[in-house]
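Working through the structure, step by step
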Amino acid sequence: MTKPPSDFERIKAQGRQLRGGIAEGLRDPVTGAISEDDNKLLKFHGSYQQDDRDLREERRKQKLEPAYSFMLRARLPSGVVTPAQWLVFDQLAREYANGTLRITTRQTFQWHGIIKHDLKPTIAAIHHALATTMAACGDVVRNVVSTPHPLESAAHALAYAWATRLSEELSPRTRAYHEIWLDGEPLVGEPKDEEPLYGTTYLPRKFKIGLAIPPLNDVDVFAQDLGLIAIVEHGELKGFNVAIGGGMGATHGDSTTYPRLGSVMGFVVPERLLMTAEAIVALQRDWGNRSERKHARLKYTIDHRGLDVVKAELERRLGFALAPERPYQFDHNGDRYGWIEGDDGRWHLTLQIESGRLADQGAHRWLTGLRELARIHQGDFRLTCNQNVIVANVPAAQRERIDAVVHAHGLDAYRFDSGIRRHALACVALPTCGLAMAESERYLPALLPKLENLLETYGLREAPILLRLSGCPNGCSRPYLGEIALVGRGPGRYDLRLGADFRGQRLNRLYRENVDEAGILDALAPLFARYAKEQESGEHFGDFLQRIHVIDSSSRQIPMEVVT
Ligand code: SRM
Ligand code: SF4
């Protein structure tokens with residue numbers, strides 16, 4: 001018997017194309033919150049209601065309502081930000097948010113701690129800076145990510161153009177955003193703004209698209225619902241391999257949920273990209289599970305129906321068969337720090353930002369330093385899926401000036417960092433994330449020196465090891481693709497997962513369940529010792545663990561259970 005649609009489906013259906021009662025809720029002075037139903041619709045506008053979890057218990061004791069505030073996420077295709085936009089975003093962080101900007105693992109900005117009253121002016125200011133928060137969250141195609149590096153100019157510029165087009169073409173059409181946030185004229189009577197792709201109930205769940213240009217897999221293309229691998233031959237963009245069904249989210253103890261790598265199912269030429277992407281989204285709209293949100297991502301549609309069945313249906317809808325996949329090779333999924341010269345003689349400086357958090361912290365004055373850079377920079381900024389920033393398109397003559405600002409604000413720490421620090425990602429988690437079970441971003445600064453000490457003991461300080469921390473199994477830092485990963489279980493306790501590769505093509509496995517810091521370090525010490533002694537030339541840590549059979553992980557879909 002088929003189950004009835006989830007309550008979220010009712011909220012979308014009754015939401016009048018994402019309007020609900022958001023506008024009225026914002027005007028209600030009695031509470032800092034909005035209603036639960038509206039909170040769900042608000043996500044489509046790029047915002048989440050949150051409360052400060054550090055204060056939750058104290059406020060409960062004082063019989064006060066939780067310290068509500070809102071997280072806001074921009075939709076920035078390929079993570080490109082102009083200096084003028086940067087200055088506006090920075091100003092908003094200081095005026096309306098918690099004084100920080102947060103670069104996410106999908107190359108955009110988040111602001112945290114905005115109170116209800118300030119949400120509207122913040123969104124309006126983002127809009128006037130020619131950016132948007134619309135469809136940054138919610139059951140829609142999210143911000144399309146792509147390789148942000150403008151290095152090999154022709155193909156990279158084209159890839160950026162395709163990612164931007166995809167992002168625009170697959171955006172919702174509703175005028176609700178204009179009405180609620182920008183004082184746009186409400187439509188008379190029932191809204192008629194039709195959503196040709198999304199209808200009235202949008203998608204069963206979020207849908208993520210990422211575009212990578214080999215040999216760099218810096219977007220983690222196999223973690224996307226739809227991953228596009230650009231095929232560039234002799235400097236010319238020939239088309240894209242199409243991978244579907246990637247995703248990270250899982251639930252502890254529920255084996256029906258799992259991280260999965262996307263499956264490559266064919267190749268399309270650029271002219272067929274948009275129609276193919278749209279057909280895949282539409283197929284998931286029609287076939288995705290609308291009863292169980294836990295099973296509503298494309299990865300489950302594929303595993304329940306079978307990849308062949310999904311592919312055949314896609315080709316039927318398209319009216320043509322996908323061409324066979326073309327050969328490609330990735331060499332890594334991290335960023336390349338420091339200065340790199342582009343083909344056109346322009347320079348690009350990648351700076352490493354711990355957990356993507358731009359704040360002024362002691363000698364590292366990230367927020368101020370980048371504001372100063374934005375004031376003098378003549379090119380643009382590019383946010384990366386590894387939570388870093390590229391000061392891009394710098395004329396050679398301006399390098400020295402940029403370097404001086406970078407140095408004066410302590411933004412060049414990456415030059416002295418250990419290999420593991422350079423490759424660490426951590427999700428936001430506490431205190432803002434309502435789903436966090438353990439610390440992540442706030443734990444990373446305490447954990448890293450301990451790991452570094454251990455690595456140094458074995459002469460491994462420079463070893464480039466991918467470390468990923470998530471405060472819960474939802475996997476926002478893509479932890480299942482970490483050579484070492486910690487996935488939060490409870491306060492101070494994590495699942496230790498090991499053995500993904502350095503190219504984002506192999507999932508890791510659970511090695512120790514629910515361990516504390518001492519347990520993590522104890523488990524890693526003997527493995528580092530063996531790695532130092534037995535590694536083959538150029539062999540990465542994850543590959544080493546696989547070779548010596550500490551973990552065995554060849555499958556595209558990995559259960560959450562422990563391996564031993
Ligand atoms: Fe995420 C939910 C933060 C990238 C999988 N994610 C959340 C929420 C909104 C919590 C919530 O639902 O209440 C987090 C807000 C925390 C906060 O206070 O800011 C949150 N996710 C993030 C960010 C900010 C992490 C970061 O440190 O950078 C990333 C924002 C990306 C963006 O700009 O759009 C972020 N989230 C990801 C990724 C990585 C990716 O997409 O490359 C994943 C894994 C890939 C995937 O989707 O499978 C991811 N987030 C989730 C999930 C699990 C989804 C699932 O299929 O089960 C949730 C929970 C949910 O949706 O119910 C979630
Ligand atoms: Fe929150 Fe979990 Fe995502 Fe971390 S992984 S930001 S704790 S939902």
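Here the structure is a predicted model, which means the values were calculated and not measured.

When helices and strands are tallied, the protein chain shows 17 helices and 22 strands. A globule of 564 residues ought to have a C-alpha radius of gyration of about 24 Å, and the protein chain, at 23 Å, matches this closely. Each principal axis of the C-alpha distribution contributes one length, and for the protein chain these read about 75 × 55 × 55 Å. Among the 564 residues that make up the protein chain, the fraction classed as buried is 61%. Within the protein chain, contacts between residues separated by at least 24 positions form 68% of all contacts whose residues are at least 6 apart in sequence. Roughly 22000 Å² of accessible area belongs to the protein chain as shown, and the carbon and sulfur atoms make up 51% of that amount. Mean positive and mean negative side-chain charge positions of the protein chain (71 and 73 charges, respectively) differ by 3 Å.

Right, let's get into the sheet that holds strand β19 (residues 467-470). In spatial order, the strands read β18-β19-β20-β21-β22; together these five strands make up an open sheet with mixed pairing. Edge positions in the sheet fall to β18 (424-426) and β22 (509-515), since each of these pairs with one other strand and no more. If you compare each strand with its neighbour and ignore which way they point, the axes differ by 15° on average. Here strand β21 (residues 493-498) runs beside β22; their pairing, made up of four bridges, is antiparallel. Bridge pairing links L498 to R509 in β22. Across the face of the sheet, helix α15 (residues 444-457) comes into contact with β18, β19 and β20 (484-490) while running at roughly 150° to β19.

Here we come to the site of ligand 1. Not every one of the 29 residues close to ligand 1 is listed here, only the nearest: T104, M248, T432, C476 and R478. Here an oxygen atom of ligand 1 and a backbone polar atom of M248 are 2.7 Å apart. Side-chain polar atom of R297 to an oxygen atom of ligand 1: 2.8 Å apart, as the coordinates give it. Its residues placed into classes, the shell around ligand 1 shows nine nonpolar, twelve polar and eight charged.

All right, on to the coordination of the iron atom of ligand 1 then. A lone protein donor binds the iron atom of ligand 1: C476 (SG), at 2.3 Å. Assignment of secondary structure puts C476 in the loop between β19 and β20.

To continue, consider the layout of surface pockets. Where empty space is left in the structure can be found by rolling a water-sized probe over the atoms. Its volume calculated, the second largest pocket comes out at about 550 Å³. In this structure, the second largest pocket is lined by 22 residues; those nearest its centre are R75, L130, A131, T132 and E168. For the lining of the second largest pocket, the secondary-structure elements that each account for two or more residues are β3 (80-81), α7 (153-169) and α8 (176-181). With four residues, the single largest contributor to the lining of the second largest pocket is α7. Its residues assigned to classes, the lining of the second largest pocket shows ten nonpolar, nine polar and three charged.

What counts and what doesn't
Residues numbered from 1 in each chain as written. Chains lettered and ligands numbered in written order. Predicted model: local features only at pLDDT ≥ 70, side-chain atom pairs only at ≥ 80, totals over all residues. Heavy atoms only, no water. Helix = DSSP H or I, 4+ residues; strand = E, 2+ residues; numbered from the N terminus. Rg over C-alpha atoms; globule rule 2.2 N^0.38 Å. Buried < 20%, exposed > 50% of the residue type's maximum accessible area, 1.4 Å probe, protein only. Contact = heavy atoms within 4.5 Å. Areas by Shrake-Rupley, 256 points an atom, 1.4 Å probe, with all protein chains shown as cover. Lys, Arg positive; Asp, Glu negative; His and termini not counted. Charge placed at Lys NZ, Arg CZ, Asp CG, Glu CD. Pairing = 2+ DSSP bridges. Axes fitted to C-alpha atoms, helices over the stretch in contact; angles between N-to-C directions. Near = heavy atom within 4 Å. Polar contact = N/O pair within 3.5 Å; in protein donor to acceptor, adjacent residues only side chain to side chain. Nonpolar A, V, L, I, M, F, W, Y, C, P; charged D, E, K, R; others polar. Donors = N, O, S within 2.8 Å, 3.2 Å for Na, K, Ca; no water. 1 Å grid on protein atoms, 1.4 Å probe; cavity = no way out; pocket = protein on both sides within 12 Å on 5 of 7 lines; lining within 4 Å. Points joined across faces, edges and corners; volume = space filled by probe spheres on them.

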